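Observations on the three-dimensional arrangement
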Amino acid sequence: MAEGDSVARIAAHLDTATAGSLIVHSDVRHPRFATVDLAGQHILEWRARGKHLLCRTDAGLTVHSHLRMTGTWSVLRPHKRLPARVVPDLRMALRLDDGRTLVGVALPVLTVLRTRDEHTVVGHLGPDLLGADTTGIDSVIVAAKRVAAAGDETIVAALLDQRRVAGLGNMWAQELLFLHGVSPWRAAGTVGDLEVVLTDARRRLEHAVRANPAQNTTGMPRPRHWVYGRARRPCLRCGTPIAFRPAERTSHGRETWWCPVCQV
């Protein structure tokens, strides 16, 4: 699943490529929104909110999508077509006035709504460490309080709860906990210095939006991650084999990696 920094990169790319463009033809292939016609509207901007994408038009409409594991947005050059194998998964095609086509493929979540009603699809989210809804340290303070309020819930589950802090995915949660020496199974309410952890998270997310390659937490070409995806391999700090628990054996339903020595 695309994490917050990945979605922010996508939003920035689409905003640079299409903001200001006039939509001359729209094709929405969704049972609820098949009759929606966006032709004649200009794309104002693309914005990320946690793991959600928002495309706003000058007619006061927003195309809201969530990529999850399968969704993609891309811009086709004039006269270019989607490969035939992809066409069945097309969910939205917007032809622009310069001949390019903006296409959303295999989008598991797609909504067209009034911009003033965006709160109905993203209002449940917690503070976005990359977002403009709150600024600077304020977003960290609010997020830290929400995570701490999870009480006896495991800290890894609390970090992944988008209602507490938006944009952190499984990779970032695992890596942050390792970097700060916190066991993923520790109760969220007992973890101190959550503001420090989330300030570090924001800094790393901001760097990942700009970095190439992105989402490198070790600073080395290989391995790129400290614990994520490294089950039974030696910890890069202490040499202990990285522990692993499959999703079906966790209360939060996500694969989990950790160092049993460095994360006591």
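Attention here is on the structure that accompanies the text. (Residues numbered from 1 in each chain as written. Predicted model: local features only at pLDDT ≥ 70, side-chain atom pairs only at ≥ 80, totals over all residues. Heavy atoms only, no water.)

Check the secondary structure of the protein and you find 6 helices and 10 strands. Compactness check: the protein gives a C-alpha radius of gyration of 20 Å against a globular reference of 18 Å for 264 residues, within 12% of the reference. Principal-axis analysis of the C-alpha atoms places the extent of the protein at approximately 60 × 35 × 30 Å. A total of 264 residues make up the protein; the buried ones form 51% of that total. Taking as baseline every contact in the protein between residues at least 6 positions apart, the subset at least 24 positions apart corresponds to 60%. Accessible surface, the protein as shown: approximately 12,700 Å² in total, 51% of it carbon and sulfur. Averaging the positions of the 35 positive and the 25 negative side-chain charges in the protein gives two centres separated by 6 Å. (Helix = DSSP H or I, 4+ residues; strand = E, 2+ residues; numbered from the N terminus. Rg over C-alpha atoms; globule rule 2.2 N^0.38 Å. Buried < 20%, exposed > 50% of the residue type's maximum accessible area, 1.4 Å probe, protein only. Contact = heavy atoms within 4.5 Å. Areas by Shrake-Rupley, 256 points an atom, 1.4 Å probe, with all protein chains shown as cover. Lys, Arg positive; Asp, Glu negative; His and termini not counted. Charge placed at Lys NZ, Arg CZ, Asp CG, Glu CD.)

This brings us to the environment of Gly 229. Within the secondary structure, Gly 229 sits in the loop between helix H6 (194–210) and strand E9 (243–245). Along the chain, Gly 229 and Ile 242 lie 13 residues apart, while their C-alpha atoms are 9.3 Å from each other.

Attention shifts here to the side chain of Arg 230. Looking at the secondary structure, you find Arg 230 in the loop between H6 and E9. In this structure Arg 230 is buried but unpaired, with Glu 175 as the nearest side chain of opposite charge at 7.8 Å. A polar contact of 3.1 Å, which involves the side chain of Arg 230, links it to the backbone oxygen of Pro 234. When sequence neighbours within four positions are dropped, the list of residues in contact with Arg 230 reads Pro 223, His 225, Cys 235, Leu 236, Ile 242 and Trp 257. (Salt bridge = Lys/Arg side-chain N within 4 Å of Asp/Glu carboxyl O. Polar contact = N/O pair within 3.5 Å; in protein donor to acceptor, adjacent residues only side chain to side chain.)

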